[in-house]
Amino acid sequence: MTATIEPVTPSKPASVSAPTMFHISLNVADLEKAIAFYRVLLGVAPAKCYPDYAKFELADPPLVLSLEPSPHTGGGALNHLGFRVANAPALIAMQQRLEAAGIATNREDGVECCYARQTKFWVKDVDRNLWELYVLEADTDHRGAGSATLREEHAAAKEHARTQPPSAKPEVAWEHQLGQPIPANLPLASNSADRILLKGTLNVPLAGDEKLQLMREARRSLRQGGKIIIHGLAADAPLNGEIPTLPGPAAGVQYVPSEAELSELLLSNGFHALRLAKLSPTPFFRHGTIGLREILLEAVKLEATPFDLKQVVLYQGPLSEVRDDFGNVFHRGRRITLSTPAVEALRGGSMADSFIFFPPGGER
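Residues numbered from 1 in each chain as written. Predicted model: local features only at pLDDT ≥ 70, side-chain atom pairs only at ≥ 80, totals over all residues. Heavy atoms only, no water.

Colleague: Looking at this model, I keep getting lost on the overall build of the protein. Mind explaining?
Modeller: Check the secondary structure of the protein and you find six helices and 20 strands. Relative to its full complement of 364 residues, the protein shows a buried share of 38%. Summing over all exposed atoms, the protein offers an accessible surface of approximately 20,600 Å²; the carbon and sulfur share of this is 54%. (Helix = DSSP H or I, 4+ residues; strand = E, 2+ residues; numbered from the N terminus. Buried < 20%, exposed > 50% of the residue type's maximum accessible area, 1.4 Å probe, protein only. Areas by Shrake-Rupley, 256 points an atom, 1.4 Å probe, with all protein chains shown as cover.)

Structure follows, in structure tokens:
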């Protein structure tokens, strides 16, 4: 028997006659700080704001700006970004808004550059992308001396690149999406991957041995401290074998595991430091009386090593006690000695500030 699927209407449905808009997507090192900066620069709240994504939409100018938390390096083909605004009052208002928020700007009046005369100011976002906000005063028949700020910025960037050591090792990641075949062996060397992302992978029915092989391969491929991420649709309760039929883009979903099933899959296959990074408060769909929600579940590969230092930690509260994935129970105000993997899980988790970490081999 298949229950009726009822799509949950989004609070702000997209218009079928939406205008053409320019789109920019930026990698950002710290999503929260980037959102705060662009709130001030653009003067609007984000249209979408999630732990792993944010999007701003402007009608004037017609712009869709999305922010993606992702490791990145400076330089590349990007020179700078910017807006040409309608008039001087609009330019002044933008600069005053930024300065009032404590964000430094650099103003230039009557600059001849790019075959035009402009009045402008410059500002850097939190990832050091350079933005130019300007008013066009007149076209010229010569290129002009150009912006002193831009010349100084490019000279400084060139000098910085010259004096810096080779860039950090790029992230090693593997991603699988709903509808793609699942390889029996992941195309990764053992203990090499920083991140494995499964997007909708578990929203198709997999035999038990297929799931086990996928988890084994993920553990083999991930380095110590590497992260596995499950992103997809989860049910509030088991669907007892019923197969949902979903509309629109979700039509490819053939199976919806419960939240508890996904957590158990990771824990039973040796992953630790489980974190529910996202669970949509409103169901996207309903299967009978059971809500189907977007889920983002993270876990970490943490294994004992020959160099286990053992370390004492103390839980500060506010709860009377908490428990970790290794079976350790932390009573408020009491010291406990942990293995290195358990310490790493605490340090990298959302409750790290609730613990005191004593030096390895010291306090007992």
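Colleague: I keep staring at the sheet that holds strand E19 (residues 335-338) and nothing clicks. Help me out?
Modeller: Sheets are built from strands paired through backbone hydrogen bonds, the pairs being either parallel or antiparallel. On the basis of which strands lie adjacent, the open sheet formed by three strands has the order E19-E16-E20 and antiparallel pairing. The outermost strands of the open sheet, each flanked by one partner alone, are E19 and strand E20 (355-357). Averaged over all adjacent pairs, the angle separating strand axes in this sheet is 30 degrees, with direction ignored. Note that strand E16 (residues 311-315) and E19 share four bridges and pair antiparallel. Bridge pairing in E19 places Val312 opposite Thr337. (Pairing = 2+ DSSP bridges. Axes fitted to C-alpha atoms, helices over the stretch in contact; angles between N-to-C directions.)

Colleague: Explain the confidence of the model for the protein here, please?
Modeller: For the protein, the average pLDDT comes to 82, and 87% of its residues sit at 70 or higher. Here strand E1 (residues 5-7) stands out as the element of the protein with the lowest mean pLDDT, 44, in contrast to helix H4 (residues 208-221), whose mean of 93 is the highest. Every residue in residues 1-17 scores below 50 in pLDDT, and together they form 25 contacts with partners more than four places removed in sequence or on other chains. (pLDDT = per-residue confidence, 0-100. Contact = heavy atoms within 4.5 Å.)

Colleague: What is the right way to look at the nonpolar core in this model?
Modeller: Burial of nonpolar side chains together is a common tendency in soluble globular proteins. The biggest cluster of nonpolar side chains holds 29 residues, and the ones touching the most others in it are Tyr38, Leu41, Leu65, Leu67, Val123 and Leu133. Among the elements of the structure, strand E2 (22-28), helix H1 (31-42), strand E4 (53-58), strand E5 (63-69), strand E6 (81-84), helix H2 (88-100), strand E8 (116-124) and strand E9 (130-139) are those that each provide at least two residues to this core. With eight residues, the single largest contributor to this core is H1. The residues touching Tyr38, leaving out its near neighbours within four places in the chain, are Leu26, Gly43, Val44, Phe56, Leu65, Leu67, Asp125 and Trp131. Among the nonpolar cores identified, the runner-up in size contains 23 residues, and Val204, Ile230, Phe271 and Ala299 belong to it. (Core = buried A, V, L, I, M, F, W, Y, C linked by side-chain atoms within 4.5 Å.)

Colleague: Just checking my understanding: could you explain H2 for this structure?
Modeller: In an α-helix, one full turn covers 3.6 residues, which means residues spaced three or four apart are oriented alike. The end-to-end C-alpha distance of H2 is 18 Å, a good match for the 18 Å that 13 residues give at a rise of 1.5 Å each. Along H2, the positions that sit buried rather than exposed are Leu91, Met94, Gln95 and Leu98. Along the axis of H2, the buried residues cluster in a sector spanning 95 degrees; they form a single face. Structural note: H2 exposes Pro89, Gln96 and Ala100 on the side pointing more than 90 degrees away from its buried face. For H2, the secondary structure elements touched by its buried residues are H1, E6, strand E7 (106-112), E8 and E9. (Expected span 1.5 Å × (residues − 1). Arc of directions from axis to C-beta.)

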